[in-house]
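# Structure assessment
Residue strings, one per chain:
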Amino acid sequence: LAKTTQPISMDSYEGQEVNITCSHNNIATNDYITWYQQFPSQGPRFIIQGYKTKVTNEVASLFIPADRKSSTLSLPRVSLSDTAVYYCLVGHFSGNTPLVFGKGTRLSVIA
Amino acid sequence: NAGVMQNPRHLVRRRGQEARLRCSPMKGHSHVYWYRQLPEEGLKFMVYLQKENIIDESGMPKERFSAEFPKEGPSILRIQQVVRGDSAAYFCASSVGQGQTYEQYFGPGTRLTVT
């Protein structure tokens, strides 16, 4: 499994765009990049998944450069309710394989 | 359609007692995963079960921990003779057993405190 590195914590003001970068230098050809969000006292929740270039959904965007050695989760106009831990997962996961979590990035949104 | 349910949400046990954590997967899901999360850490995989079968228990401690997912009823994670180091949040996730990563759904967790 590819090792991932992401910032331990980030602070942002409400209304700003937040970009969280994850490094995964030894990503394998068939690995996907998946981001999960975990609110305090809750289980993780899937946010977005991508393989290359750009993926966008109603929650976030995921930017993946051509070499795929890093990826950036972009949260537009964050609110206080976006305060959570964000995990970058890299691997060939599926509905029937265990997920591998790192320590994640603790995002604090300030009013 | 109810999500993954776990109970109890909070459990306090004295050292040496047994802890039983229950997980009811989403309707139609036959695959269950248990993860443990220590404070300020990410989730660590413990065990993966299908109905009546343990598929992967590579993350389970060799002693005192066991898990089951019977044909009827919830999946149960059992910790015998608990120690303070077992204090953690235990999360269960379920899936239909195929498809994409985002088809794994997590419950709210059980927070175990060993005194």
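Let us look at the structure shown here. Keep in mind it's a predicted model, so treat the numbers as computed, not measured. (Residues numbered from 1 in each chain as written. Chains lettered and ligands numbered in written order. Predicted model: local features only at pLDDT ≥ 70, side-chain atom pairs only at ≥ 80, totals over all residues. Heavy atoms only, no water.)

A separate point is the overall build of chain A. The helix and strand inventory of chain A stands at zero helices and nine strands. From first element to last, N terminus to C terminus, chain A shows the α and β order β-β-β-β-β-β-β-β-β. For a compact globule of 111 residues, the expected C-alpha radius of gyration is about 13 Å, and chain A comes in at 13 Å, within 12% of that figure. A total of 111 residues make up chain A; the buried ones form 45% of that total. For chain A, long-range pairs separated by at least 24 residues make up 56% of all intrachain contacts whose partners lie at least 6 apart in sequence. Accessible surface computed for chain A: about 5,500 Å², of which carbon and sulfur atoms make up 52%. (Helix = DSSP H or I, 4+ residues; strand = E, 2+ residues; numbered from the N terminus. Rg over C-alpha atoms; globule rule 2.2 N^0.38 Å. Buried < 20%, exposed > 50% of the residue type's maximum accessible area, 1.4 Å probe, protein only. Contact = heavy atoms within 4.5 Å. Areas by Shrake-Rupley, 256 points an atom, 1.4 Å probe, with all protein chains shown as cover.)

Let's shift gears to the sheet that holds strand β9 (residues 105–110) of chain A. All names here are of chain A. Taken together, five strands build an open sheet; the order of strands is β1-β9-β8-β3-β4 and the sheet is mixed. Of all strands in the sheet, those with a lone pairing partner are β1 (9–13) and β4 (45–50), marking the two edges. On average, adjacent strands in this sheet sit at an angle of 25 degrees to one another, irrespective of strand direction. Strand direction decides the pairing type here: strand β8 (residues 84–91) and β9, joined by three bridges, are antiparallel. Following the sheet pairing, V85 is matched in β9 by R106. (Pairing = 2+ DSSP bridges. Axes fitted to C-alpha atoms, helices over the stretch in contact; angles between N-to-C directions.)

The subject of this paragraph is unusual backbone geometry. With the exception of glycine, the majority of residues adopt a negative phi angle, and the majority of peptide bonds are in the trans configuration. Cis geometry is found at the peptide bond from B:N7 to B:P8, where omega equals -5 degrees. Mapped onto the elements, B:P8 comes out in the loop between β1 (5–7) and β2 (10–13). If you check the backbone angles, A:S41 has positive phi at about 65 degrees while not being a glycine. With respect to the helices and strands, A:S41 occurs in the loop between β3 (32–38) and β4. For A:S41, a relative accessible area of 46% corresponds to the partly exposed category. In this structure, B:E52 is a non-glycine residue whose phi angle is positive, near 65 degrees. Considering the arrangement of structural elements, one finds B:E52 in the loop between β5 (43–50) and β6 (53–56). For B:E52, a relative accessible area of 56% puts it in the exposed group.

Turning next to the pairing of β6(B). Residue and element names in this part refer to chain B. Strand direction decides the pairing type here: β5 and β6, joined by three bridges, are antiparallel. Its bridge partner being in β6, Q50 is matched across the sheet by N53. Counting the residues that bridge the hairpin from β5 to β6 gives two residues, and of these E52 lies at a positive phi of roughly 65 degrees.

All names here are of chain B. Following the criterion strictly, the structure yields five salt bridges over all chains and no others. For E18, the salt bridge goes to R20, with nearest N and O atoms at 2.8 Å. Under the relative-accessibility criterion, R20 is labelled partly exposed at 34%. With its nearest N and O atoms 2.7 Å apart, the salt bridge here joins D86 to R64. Here D86 is found in the loop between β8 (75–79) and β9 (88–95), whereas its partner R64 is found in the loop between β6 and β7 (65–68), with 22 residues between them in sequence. Judged by relative accessible area, D86 falls into the buried class, the value being 3%. (Salt bridge = Lys/Arg side-chain N within 4 Å of Asp/Glu carboxyl O.)

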